[in-house]
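Examining the three-dimensional arrangement
Okay, here's what each chain looks like letter by letter:
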Amino acid sequence: EAGVTQFPSHSVIEKGQTVTLRCDPISGHDNLYWYRRVMGKEIKFLLHFVKESKQDESGMPNNRFLAERTGGTYSTLKVQPAELEDSGVYFCASSPPDSLSYGYTFGSGTRLTVV
Amino acid sequence: KQEVTQIPAALSVPEGENLVLNCSFTDSAIYNLQWFRQDPGKGLTSLLLIQSSQREQTSGRLNASLDKSSGRSTLYIAASQPGDSATYLCAVPKRRSQGNLIFGKGTKLSVKP
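Residues numbered from 1 in each chain as written. Chains lettered and ligands numbered in written order. Predicted model: local features only at pLDDT ≥ 70, side-chain atom pairs only at ≥ 80, totals over all residues. Heavy atoms only, no water.

Some thoughts on the nonpolar core
The condition that has to hold: Here, the term nonpolar core denotes a set of buried Ala, Val, Leu, Ile, Met, Phe, Trp, Tyr and Cys residues that are joined through side-chain atoms within 4.5 Å. Each residue's exposure class comes from its accessible area (1.4 Å probe, protein chains only) as a fraction of the maximum for that residue type: buried when under 20%, exposed when over 50%, partly exposed otherwise. In this text, helices come from DSSP runs of H or I with a minimum length of four residues, and strands from runs of E with a minimum of two, each type numbered from the N-terminal end. In this description, contact between two residues means that some pair of their heavy atoms is separated by no more than 4.5 Å.
Among the nonpolar cores identified, the biggest contains 24 residues, and V4, L33, W35, L75, I77, Y88 and L109 of chain B are the most heavily contacted of them. Those elements that place two or more of their residues in this core are β3 (19-25), β4 (32-38), β5 (44-51), β7 (62-67), β8 (72-77), β9 (86-94) and β11 (107-112) of chain B. With near-sequence residues (within four places) excluded, I77 of chain B lies in contact with E17, N18, L19, R61, L62, D84, Y88 and L109 of chain B. In terms of nonpolar packing, the next biggest core, distinct from the first, is built from 21 residues, V19, L32, W34 and L112 of chain A among them.

Encoded structure:
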């Protein structure tokens, strides 16, 4: 089966610009998650979708970040306007409904650099 | 608040050695613990998932153990190979928010030929 797909793999933008990251989960996985790793820190949770609904968005850093999952399929994460501290690697993961039993499958990530 | 710590932060060993990576967590009420591997510039690859009711899981040369009461997990790699060089991460789900994984900072392993 195809894995979790993320694009772009890399993005370099200027401070103040807008960037949209996309994630295609494994087909049939209701759960979709966004995570982020900034330089030197742990990977941190951003939010969790169950189908098209936001189950938990407690990790979203501020209102410059907007995540959507229209139709419960792919998801987008928009950063507008981007700031220098938003640089890092953004990972998407998906899981079947019983994530506790089956764990999570991660994508390769999008490396975002804000200059 | 759950915190996950991995020791050592980096490890360099000659090829063929058996090695142990450590992961500790502060809240023992976990559902499961997952070990991942991350290659440079790549995503996370799931290695082993241990449920809270299990003591260990094995996959090939990898063996992960879990001791909930002491808040520890170890990842044992037998007969290490240069291809095992990567960063190894452990993660546990946050209580009452199963989709929110708490990660350690990882152990960067280098296996020298």
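Describing the packing of aromatic side chains
Which entries qualify depends on this criterion: Any pair of Phe, Tyr and Trp rings, taking the six-membered ring for Trp, is counted once the centres come within 6.5 Å. Such a pair is stacked with planes under 30 degrees apart, edge-to-face with planes over 60 apart, and tilted for the rest.
Per the counting criterion, the structure on display carries 9 aromatic pairs over all chains. Judged by centre distance (6.0 Å) and plane angle (80°), the ring pair of F106 of chain A and F103 of chain B falls under edge-to-face. Of this pair, F106 of chain A sits in strand β10 (residues 105-106) while F103 of chain B sits in strand β10 (residues 97-103), placing the two residues on different chains. Owing to a relative accessible area of 3%, F103 of chain B belongs among the buried residues under this scheme. On the numbers, 5.7 Å between centres and 40° between planes, the contact of F36 of chain B with F103 of chain B is tilted. Placement of the pair is F36 of chain B in strand β4 and F103 of chain B in strand β10, with a sequence separation of 67 residues. When its relative accessible area of 0% is taken as the criterion, F36 of chain B is described as buried. Cluster of aromatic residues (ring-pair linked, three or more members): Y35, F45, F91 and F106 of chain A together with F36 and F103 of chain B.

Remarks on the interface of chain A and chain B
Put simply, the rule reads: The buried area of a pairing is the accessible area, by a 1.4 Å probe, that goes missing from both parts when the two are put together, added over both. When a carboxyl oxygen of Asp or Glu lies within 4 Å of a side-chain nitrogen of Lys or Arg, that pair is called a salt bridge. N or O atoms within 3.5 Å of each other form a polar contact, as long as, within protein, one can give a hydrogen and the other can take it, and as long as residues adjacent in sequence are counted only when both atoms are side-chain atoms.
The partner chain B presents 22 residues to the 21 residues of chain A that form the contact. When chain A packs against chain B, the two sides together hide about 1800 Å² of surface, and 52% of this comes from carbon and sulfur. Looking only at chain A, the three residues that lose the most surface to chain B are L100, Y104 and F106 of chain A, adding up to 35% of its buried area. Linking chain A with chain B are 0 salt bridges, by the criterion used here. For the pair chain A and chain B, the interface holds 3 residue pairs in polar contact (both at pLDDT 80 or more). Elements supplying a minimum of two residues to the side of chain A that touches chain B: β4 (31-37), β5 (43-50) and α1 (99-102) of chain A.

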